[in-house]
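Listed here are the chains, written in short residue letters.
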Amino acid sequence: MFDLLIVNATLPDGRTGQGIGIRDGRIAEIAPGLQAEAGQIVDAGGHLLSPPFVDPHFHMDATLSLGLPRMNRSGTLLEGIALWGDLRPTLTKEAVVERAVRYCDLAVSKGLMAVRSHVDVSDPRLVTVEALLEVREIVAPYLDLQLVAFPQDGYYRHPDAAAALERALDMGVDVVGGIPHFERTMEAGRASVEALCRIAADRGLGVDMHCDETDDPLSRHVETLAEQTVRFGLQGRVAGSHLTSMHSMDNYYVSKLLPLMAEARLAAIPNPLINIMIQGRHDTYPKRRGLTRIPELMAAGIDVGLGQDCVMDPWYSMGTGDLLDVAHMAVHATQLGSQDDKRALFEAVTVNSARIIGLQDYGLQVGCHADMVLLQARDPAEAIRLRPNRLKVIRRGKVIAETAPEVTRLSLPGRPGELDPAAYAPRDAS
Ligand SMILES: [Zn+2]
């Protein structure tokens, strides 16, 4: 007897006709054609059942603030940072909580159930930290929120940042952040990486830095981050976010850098939507894309998770809370277009990101939390192409969000009355 039984599901690895039995909030059994008594039975109709989407890089303290105090006219990173600097002193805890919780509603509706959010610690009032710690509690029943202490204005560049970052960690923020490329000199950036890795080692925490989010090929803080990771014994607990300078680096240098990153078990978190939007702004033509070398990172055995970074905030006016938008952009911007590539990018917005942020009991295996999302698609490649409706979003064995399947009725002479999605599948999906 299961609490919930899902029948006729297709799994991301291609297994079809699978039954998933759920008991006490965990996956109790997975088998083809599984039949049993259950409190509730969901017929997946052959659709794709996936573990939840995981966003390893987000800014929940800024989300949904688009237009406050005004719009970003140039669309640049620097105007975004200046705008945020104007908005930050006016923020109230209540307003940040309200926007963040409203964002989490949207996220859950898209099957996104875990988010690593950076939280700005540059305002010594730490309103953003207080707010997001409260949000972490509020949303815990349906979304795992992990927080990174992020010195947006520079760990050394802003005089209060070092003390504020330590206080944020004392208050319960989970991970140490940084922004070495925004310090005033290369040396200050290097020193910040070292200082922040030391703090993480002393406190037994992980590190996730905004690292080299620039088009400057000589911005090489990722090298320092890998080296300090090894020095402090932090292998497997450190991520470099963005890494856009790698796009512009010399190829010979990158051939030396990739093995160093792999040895340090450094994770990479590119943010394709933001990177393609913000990088290359000083170029005329040809214009660089700015996205880091995702195929080469993956080929070097480096864990790659893809993040959203922003949804409707001073840096980015777009965004939907849908990690499939991120994967869709990655397919185009990296030219990773084969079926295998798309499966790898689907993993980059699900299992890879879950591993990078250290989620426990995640996945579609017996014993894991019964957290999953049923998509109106047949396989991961089609899911990325269509970014389809999330028919059911399930958390600990309970349906927490539902969207009706999309059906289009046609009124065309001599044509069927309903558009058949199956008629648009590739002849060979391998
Ligand atoms: Zn960011």
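Relevant structure appears above.
If you're wondering where the values come from, they're calculated on a predicted model, not measured in any experiment.

A separate point is the environment of R237. Along the chain, R237 falls in the loop between α6 (221–231) and β11 (238–242). Between the C-alpha atom of R237 and that of L324, which follows or precedes it by 87 residues, the distance is 26 Å. Here L205 takes part through its backbone oxygen, which lies 2.9 Å from a polar atom of the side chain of R237.

As a general feature of sheets, a regular strand has side chains that alternate between the two faces. Of all six residues that make up strand β10 (residues 206–211), six are buried, and the element is covered over most of its length. Because side chains alternate across β10, one face comprises the buried residues G206, D208 and H210, and the other comprises V207, M209 and C211, equally buried. Relative to β10, strand β9 (residues 175–176) runs parallel, the two being bridged by two bridges. Of the residues in β10, the one forming a bridge with V176 is V207. In this fold, the crossover linking β9 to β10 by way of helix α5 (residues 186–203) has right-handed handedness. Pairing of β10 with β11, which is carried by five bridges, proceeds in the parallel orientation. Bridged to C211 within β11 is H242. Read from β10 through α6 to β11, the crossover connection turns out right-handed.

The next subject is the packing of aromatic side chains. For the structure shown, the criterion picks out four aromatic pairs. Taking 5.8 Å as the distance between ring centres and 75 degrees as the angle between the ring planes, the aromatic pair formed by F53 and F346 counts as edge-to-face. Of this pair, F53 sits in strand β6 (residues 53–58) while F346 sits in helix α12 (residues 339–348); the two residues are 293 residues apart in sequence, bridging distant segments of the chain. Residue classification places F53 among the buried positions, given a relative accessible area of 0%. Each ring, one from F58 and one from Y103, has its centre 4.5 Å from the other, and the planes form 20 degrees; the classification is stacked.

Inspection of the entire model under this criterion finds zero disulfides. C310 provides the cysteine sulfur closest to C104, a residue in no disulfide bond, and the two sulfurs are 15 Å apart. With no disulfide of its own, C211 lies closest to C197 among cysteine sulfurs, the gap being 9.6 Å. For C211, a relative accessible area of 0% gives the class buried.

Rules and cut-offs
- Residues numbered from 1 in each chain as written.
- Predicted model: local features only at pLDDT ≥ 70, side-chain atom pairs only at ≥ 80, totals over all residues.
- Heavy atoms only, no water.
- Helix = DSSP H or I, 4+ residues; strand = E, 2+ residues; numbered from the N terminus.
- Polar contact = N/O pair within 3.5 Å; in protein donor to acceptor, adjacent residues only side chain to side chain.
- Buried < 20%, exposed > 50% of the residue type's maximum accessible area, 1.4 Å probe, protein only.
- Pairing = 2+ DSSP bridges.
- Right-handed = clockwise from strand over helix to strand, strands pointing away.
- Phe/Tyr/Trp six-rings, centres within 6.5 Å; stacked < 30°, edge-to-face > 60°.
- Disulfide = S-S within 2.5 Å.

No statement about biological role is implied by the geometric values presented.
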